[in-house]
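Fold and contact review
Below, each chain spelled out in residue letters.
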Amino acid sequence: MSLVDLSHPFDPERMSIPPGLPQFISCPIATVPKDGFSMHTVSFGSHTGTHIDAPSHFIADGKTIDQIPLTALVGSAVVLDFTYKGSKEVITWADITKSPHADKIEPGIIVLFHTGWSKHWAADEQIYWDHPYLSPDVAEQLIARGVSVIGIDCASPDKSLLEPPWDFPFHLAFLGRGGFIVENLTTLGELGPKVMVNLLPINLVGCDGAPVRGIAWK
């Protein structure tokens, strides 16, 4: 079985983290030459790198990471190609219905949005934050069709706003209906239109988000 890694490495020298949010820090506290073993302290925000948003990220009484059913995050996924969308272009439900694989959207399936924007991960300039985004009607239509998990290979399914006023209509619509969102995926272009995926996060009790080591296989 061939596995495809869908997560960006946690590399302090190569990460895209919005200004003002916690940076990833990994500090050695013991080394093999000095102590006979190696150990590090690590520090990062709950929405760092490839990660999942729990409903509690935006919904006061929403589920936290430890309350997400494991079965929701492992299973069949359909990959929808939107690499033709440019900087800050919206992806609407009408766009999705034109996809040759729209008929694969069915209850329980995980929907992955391939924008190609992961190629800009850790870029020095602004471009990673100028990704395409999803309209709120996509959230409503997917939930109505029994989809509770989506993933995208950019920073957010909403426009990435780096300063107020904040606006997160897709997050509110999808998380508010009990959905889960995986962000900052990568290598979606290596997948076929229908794959199996594992998007399980670290089990951070009471937390609103957590890193994911996503994998895909046929």
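Refer to the preceding data block for the structure.
What you see is a predicted model; the values in this text were computed from it and never measured. (Residues numbered from 1 in each chain as written. Predicted model: local features only at pLDDT ≥ 70, side-chain atom pairs only at ≥ 80, totals over all residues. Heavy atoms only, no water.)

All right, on to the sheet that holds strand β10 (residues 180–183) then. Read across the sheet, nine strands follow the order β1-β13-β11-β5-β7-β9-β10-β4-β12 without closing on themselves; strand pairing throughout is mixed. The outermost strands of the open sheet, each flanked by one partner alone, are β1 (4–5) and β12 (209–211). As paired strands, β1 and strand β13 (residues 215–217) are joined by two bridges and run antiparallel to one another. Within the sheet, the bridge partner assigned to V4 lies in β13 and is A216. (Pairing = 2+ DSSP bridges. Helix = DSSP H or I, 4+ residues; strand = E, 2+ residues; numbered from the N terminus.)

Most peptide bonds adopt trans geometry, and most residues besides glycine take a negative phi value. The omega angle of the peptide bond from P164 to P165 is 0°, so this bond is cis rather than trans. For P165, the location among the structural elements is in the loop between β9 (149–152) and α4 (169–175). At K88, a position not held by glycine, the phi torsion is positive, near 60°. Inspection of the secondary structure assignment puts K88 in the loop between β5 (74–81) and β6 (90–91). The phi dihedral of A122 falls on the positive side, at around 65°, and the residue is not glycine. Its place among the elements puts A122 in the loop between β7 (110–114) and β8 (133–134).

As for its placement among the helices and strands, H171 is situated in helix α4. Note on H171: relative accessible area 2%, which makes it buried. Apart from the residues within four sequence positions on either side, H171 is in contact with D53, H57, F58, S156, P157, D158, G176, I181 and E183. (Buried < 20%, exposed > 50% of the residue type's maximum accessible area, 1.4 Å probe, protein only. Contact = heavy atoms within 4.5 Å.)

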